[in-house]
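Below are the chains, spelled out letter by letter.
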Amino acid sequence: MTAPFRHVAVIGLGLLGGSVLHAVRANLPGTATSGYDADPVVRARARELGLADTIADSAAQAAQGADLVVLCVPVGAMEAAARELAPGLAPDCIVTDVGSSKASVARALAEALPGACVIPSHPVAGTEQSGPDAGFATLFRNRWCIVTPPADADAAAVARVVSLWEAFGAMVEMMDAEHHDMVLAVTSHLPHLIAYTIVGTASDLEKVTESEVIKFSAGGFRDFTRIAASDPTMWRDVFLNNRDAVLQMLQRFTEDLTELQKAIRKGDGQFLFDHFARTRAIRRGIIEMGQDDARPDFGRSDHNGAKG
Ligand SMILES: NC(=O)C1=CN([C@@H]2O[C@H](COP(=O)(O)OP(=O)(O)OC[C@H]3O[C@@H](n4cnc5c(N)ncnc54)[C@H](O)[C@@H]3O)[C@@H](O)[C@H]2O)C=CC1
Ligand SMILES: O=C(O)C(=O)Cc1ccc(O)cc1
């Protein structure tokens, strides 16, 4: 396979930016890389780790000579990062991003980079870790990557972005940004919000029950604490940027929770049983589709143990 790009520049050198750079090295030998992060401590660490061929001291410098720029910053920082790199952007360079929400990012990038070829992406792959040490080459393997091209996108540019993610081992699906935001609100954003809530609630209760919450924390609670350890800046930005879809899904969730609450109060065992049987079937369906990332070998045979 011929490499889809000659030179990939990555802005934001945390979990996602580091993983993109590792994946380029592992899967696209001969492709040049450059990187930039707004945090000088992260830049210094990226140099120590040798994350890219060059770690630049400005976004514009990192973008110079690149035919692909991948923005890997929190969604609330996409616009500022794009404005900073703009002076270094070659006219034929394609810009993509990895942001967890898409409609507001697409608008921000179109505004910051008028006339540029912007093809947004969202690799649905990550961990609760962050920072330049957290990335690994196999993060995207056997994972979905959702590409959300604007309606008038250049087909050849879309195909090149798709082949980048496929070279990293991802499975690509295309949809519009609004649909993406609705789907991810329920499959990813709401679960994170619930984890943040339950861990906060349990911690408040701990003040009453002393150390019992930790002592008796069974599997379920432990799983929530992993998710609730995710990066606060990143998730603050996701909720502020996908506000409408999250609020819509949260409304629906609250209604369904109230139904379960009512069934418990009324002693309606049949309602509870039927509901739990339905959700068990959903989980089993996920496993049959081969998307069970609880399996220890799932798509990450050689990573550095970032995900617990
Ligand atoms: N963490 C995860 O599991 C996943 C995250 N994403 C998305 O990937 C993006 C990055 O997330 P992570 O890599 O996890 O975060 P991270 O916190 O590990 O890395 C983000 C980096 O961006 C840098 N940064 C912030 N503003 C900047 C700016 N204006 N210019 C240059 N650098 C800047 C920060 O200093 C930081 O080093 C976010 O948009 C997030 O929604 C997507 C899929 C999974
Ligand atoms: O660690 C987990 O369980 C995740 O859910 C990772 C993740 C976080 C954000 C995304 O946009 C995609 C994947």
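Residues numbered from 1 in each chain as written. Chains lettered and ligands numbered in written order. Predicted model: local features only at pLDDT ≥ 70, side-chain atom pairs only at ≥ 80, totals over all residues. Heavy atoms only, no water.

K.L.:
Explain the sheet that holds strand β4 (residues 68-71) to me, please; I cannot follow it from the model alone.
P.N.:
Paired through their backbone hydrogen bonds, the strands of a sheet run either parallel or antiparallel. Sheet architecture is open: six strands sit in the order β3-β2-β1-β4-β5-β6, paired in parallel fashion. The open sheet has two edge strands, β3 (54-55) and β6 (117-118), and neither has a second partner. As defined by bridge partners, strand β1 (residues 7-11) adjoins β4 across four bridges and the pair is classed as parallel. When the sheet's bridge partners are listed, Ala-9 is paired in β4 with Val-69. (Pairing = 2+ DSSP bridges. Helix = DSSP H or I, 4+ residues; strand = E, 2+ residues; numbered from the N terminus.)

K.L.:
What exactly am I supposed to notice about the pattern of salt bridges here?
P.N.:
Side-chain pairing between opposite charges can occur once the charged atoms of the two side chains come close. As enumerated under the stated definition, the model contains 14 salt bridges in all. Here Arg-160 and Asp-67 are joined by a salt bridge, their closest N and O atoms 3.5 Å apart. Taken together, the positions of Arg-160 in helix α6 (residues 155-167) and Asp-67 in the loop between α3 (59-63) and β4 put the pair 93 residues apart, joining distant regions of the chain. Among the residues examined, Arg-160 registers a relative accessible area of 29% and is labelled partly exposed. On the basis of relative accessible area, Asp-67 is assigned to the buried category, the value being 6%. With its nearest N and O atoms 3.6 Å apart, the salt bridge here joins Asp-256 to Arg-252. Placement of both Asp-256 and Arg-252 in helix α11 (residues 243-266) is noted, with a separation of four residues, approximately one turn of the helix. (Salt bridge = Lys/Arg side-chain N within 4 Å of Asp/Glu carboxyl O. Buried < 20%, exposed > 50% of the residue type's maximum accessible area, 1.4 Å probe, protein only.)

K.L.:
How should I be thinking about the site of ligand 2 in this particular structure?
P.N.:
Around ligand 2 lies a shell formed by Ser-100, His-122, Ala-125, Gly-126, Thr-127, Glu-128, His-192, Arg-226, Met-234 and Trp-235. The side chain of Arg-226 places a nitrogen or oxygen atom 2.8 Å from an oxygen atom of ligand 2. In isolation ligand 2 exposes 340 Å². Once the protein is present, 84% of that is buried. Three or more residues apiece are contributed to the shell around ligand 2 by two domains, here domain 1 (7-176) and domain 2 (179-299). (Near = heavy atom within 4 Å. Polar contact = N/O pair within 3.5 Å; in protein donor to acceptor, adjacent residues only side chain to side chain. Areas by Shrake-Rupley, 256 points an atom, 1.4 Å probe, with all protein chains shown as cover. Domains from an automatic or database assignment.)

K.L.:
For this particular structure, what's the right way to read the pairing of strand β8 (residues 144-147)?
P.N.:
Residues in a regular strand point their side chains to alternate faces of the sheet. Relative to β8, strand β7 (residues 121-123) runs antiparallel, the two being bridged by three bridges. In the sheet register, Pro-123 faces β8, and the bridge partner there is Cys-145. Judged from the four bridges that link them, β8 and strand β9 (residues 171-174) form a sheet pairing that is parallel. Within β9, the position partnered with Val-147 by the bridge is Met-174. Read from β8 through α6 to β9, the crossover connection turns out right-handed. (Right-handed = clockwise from strand over helix to strand, strands pointing away.)

K.L.:
I keep staring at the nonpolar core and nothing clicks. Help me out?
P.N.:
The nonpolar side chains of a soluble globular protein tend to be buried with one another. Counting 38 residues, the largest nonpolar core has Val-10, Leu-13, Val-20, Val-70, Phe-140, Trp-165 and Phe-168 as its most contacted members. Where this core is concerned, the elements lending two or more residues are β1, α1 (15-27), α2 (40-49), β4, β8 and α6. The element contributing the most residues to this core is α6, with seven residues. Look past the residues within four positions of Leu-13 in its chain and what remains in contact with it is Gly-18, Leu-21, Gly-35, Tyr-36, Asp-37, Val-42, Ala-46, Leu-51, Ile-55, Gly-131 and Pro-132. Ala-81, Leu-85, Cys-93 and Val-105 belong to the second largest nonpolar core, which has 24 residues in total. (Core = buried A, V, L, I, M, F, W, Y, C linked by side-chain atoms within 4.5 Å. Contact = heavy atoms within 4.5 Å.)

K.L.:
What is the right way to look at the domain arrangement of the protein in this model?
P.N.:
By convention, interface size is frequently given as the accessible area that disappears when the constituent parts associate. Structurally, the protein comprises domain 1 (7-176) and domain 2 (179-299). For domain 1 versus domain 2, the distance between C-alpha centres works out to 29 Å. Both sides together, the interface formed by domain 1 and domain 2 hides about 1,700 Å², and carbon and sulfur atoms give 56% of it. Three residues stand out in domain 1 for area buried against domain 2, namely Ser-100, Glu-128 and Arg-143, and they jointly supply 30% of the buried area on that side. (Buried area = accessible area lost by both parts, 1.4 Å probe.)

K.L.:
Can you walk me through α6 in this structure?
P.N.:
In an α-helix, one turn spans 3.6 residues, which is why side chains three or four residues apart end up on the same side. The end-to-end C-alpha distance of α6, which contains 13 residues, comes to 18 Å, matching closely the 18 Å that a straight helix rising 1.5 Å per residue would cover. Within the span of α6, buried status applies to Ala-157, Val-158, Val-161, Val-162, Leu-164, Trp-165 and Ala-167. Positive backbone phi, at 95°, marks Gly-169, one or two positions downstream of α6. (Expected span 1.5 Å × (residues − 1).)

K.L.:
Hey, could you run me through the sheet that holds β7 in this one?
P.N.:
One open sheet accounts for three strands, arranged β7-β8-β9; its pairing is mixed. The open sheet is flanked by β7 and β9, the only strands paired with a single partner. Adjacent strand axes in the sheet meet at a mean angle of 20°, parallel and antiparallel pairs treated alike. Sheet contacts for α6: β7, β8 and β9; angle to β9, the most-contacted strand, approximately 145°. (Axes fitted to C-alpha atoms, helices over the stretch in contact; angles between N-to-C directions.)

K.L.:
Please explain the site of ligand 1 as it appears in this structure.
P.N.:
Contacts to ligand 1 come from 28 residues, most closely from Leu-16, Asp-37, Val-73, Ser-100 and Gly-131. One of the backbone N or O atoms of Leu-15 is found 2.9 Å from an oxygen atom in ligand 1. Here ligand 1, which alone exposes 830 Å², has 88% of that area covered by the protein. Of all the secondary-structure elements, those providing two or more residues to the shell around ligand 1 are α1, α4 (78-85) and β7. For the shell around ligand 1, the per-class residue count stands at 17 nonpolar, nine polar and two charged. (Nonpolar A, V, L, I, M, F, W, Y, C, P; charged D, E, K, R; others polar.)

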